[in-house]
Amino acid sequence: MSAPVGADRSLGQLVASATAELSALVHDEIALAKKQLKQDVQRGLIGSAAGIAALTVLIFSLPMLSFALAYGFRTWTGWNMAICFLLSFAVNVLVALLLGLIALVFVKKAKKGKGPQKTVASAKQTAAVLQNAKPHPRPEPAGALPTVSGRPYPAAAVEAKGAHLDRGGEGGTAVARSSS
């Protein structure tokens, strides 16, 4: 039987591995947010392009298309030319409205897009989990200097001032206590 994965790794290696994994997670979430934003921008651009196309069709095709349709209606029906021109204008407006509706659909889809909201929520959840994680107390390595107020303090200087070292503190850290 083999030992479990990571059983022979030191604490430093485990911390380095966890840090690398967390960094990779953050980079992946950023990449996902960028991709979602890119999709929303593409939808918005398609909607804008369709709107511009609708305006272009309406403006540039009215004179040419109106004449062509009016003469076409006159040929097919034999109606008065004024009625034929009104019918050709109505057809142009219907085409422009259809293109405008297509533009509206794409713009609404772009606005509805969740974008990176899911990714941001995932990142916040990861941050919340990491904030609640508490580090385990580290045992003091052999031969380490005692600490006073969180800084290493030579034992000779502590003993010279009349204090003795108490090694029974939290996590095995040495605490200088005065002898009075």
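Fair warning: this is a prediction, and the values are worked out from it, not measured in the lab. Each chain carries its own residue numbering, running from 1 in the direction its sequence is written. Reporting of local features is limited, given that this is a predicted model, to residues whose pLDDT is at least 70; pairs of side-chain atoms are given and counted only at 80 or more, and all residues count toward the totals for whole chains, interfaces and linings. Side-chain numbers come from the whole structure's heavy atoms, not from hydrogens or water.

A residue-level look at the protein chain finds 67% of positions with pLDDT of 70 or above and a mean pLDDT of 75. pLDDT measures the predictor's confidence residue by residue and takes values from 0 up to 100. Secondary structure elements are taken from DSSP: a helix is a run of H or I of four residues or more, a strand is a run of E of two residues or more, and numbering for both begins at the N terminus. Within the protein chain, the lowest mean pLDDT, 48, falls on strand β4 (residues 175-178), and the highest, 88, falls on helix α2 (residues 81-112). We call two residues in contact whenever any of their non-hydrogen atoms come within 4.5 Å of each other. With pLDDT under 50 throughout, residues 167-180 is counted as low confidence; its partners more than four residues away or in other chains account for 33 contacts.

Here α2 contains 32 residues, and its C-alpha end-to-end distance of 47 Å stays within 8% of the 46 Å for a straight helix at 1.5 Å per residue. Turning to α2, its buried residues are C84, S88, N92, A96, A103 and A110. Those residues of α2 hidden inside the fold are in contact with α1 (11-77). A helix's residues, less one, multiplied by 1.5 Å, set its expected span. Any residue under 20% of the maximum accessible area for its type is buried, any over 50% is exposed, and the rest in between are partly exposed; the area is computed with a 1.4 Å probe on protein chains only.

Right, let's get into the side chain of S88. Its location among the elements puts S88 in helix α2. Definition of a polar contact: a pair of N or O atoms within 3.5 Å, with one able to donate and the other able to accept a hydrogen when the atoms are protein atoms, and with sequence-neighbouring residues admitted only if both atoms are side-chain atoms. There is a polar contact of 2.8 Å between the side chain of S88 and the backbone oxygen of F85. What S88 contacts, discounting residues up to four positions off in sequence, is L65, S66, L69, A70 and F73.

UniProt positions are given in the numbering used here, feature names are shortened, and annotations may be inferred rather than shown by experiment. This chain's UniProt record puts "transmembrane region" (unreviewed entry) on residues 44-73 and 79-107. Helix makes up 100% of residues 44-73 and strand 0%, whereas the separation of the span's terminal C-alpha atoms amounts to 38 Å. This span, residues 79-107, is 93% helix and 0% strand, and a straight line between its end C-alpha atoms measures 41 Å.

Now for the pattern of salt bridges. Just to be clear on terms, a salt bridge is a Lys or Arg side-chain nitrogen sitting within 4 Å of an Asp or Glu carboxyl oxygen. The full count for this structure, using the stated rule, is 1 salt bridge. One salt bridge connects R43 with D40, and the closest N-O pair in it is separated by 3.6 Å. Of the two residues, R43 and D40 both sit in helix α1, 3 residues apart, roughly one turn of that helix.

Here we take up the packing of aromatic side chains. In this scheme Phe, Tyr and Trp rings, the latter by its six-membered ring, pair at centre separations within 6.5 Å, and the angle between planes marks the pair as stacked below 30 degrees, edge-to-face above 60, and tilted otherwise. This model, assessed by the stated rule, comprises 3 aromatic pairs. Consider the rings of F67 and F85, whose centres lie 5.3 Å apart with planes at 90°: the pair is edge-to-face. Of this pair, F67 sits in helix α1 while F85 is found in helix α2, placing the two residues 18 residues apart along the sequence. Residue class for F85 comes out partly exposed when judged on its relative accessible area of 29%. Here F73 and W76 contribute two aromatic rings whose centre-to-centre distance is 6.2 Å and whose plane-to-plane angle is 70°, an arrangement assigned as edge-to-face.

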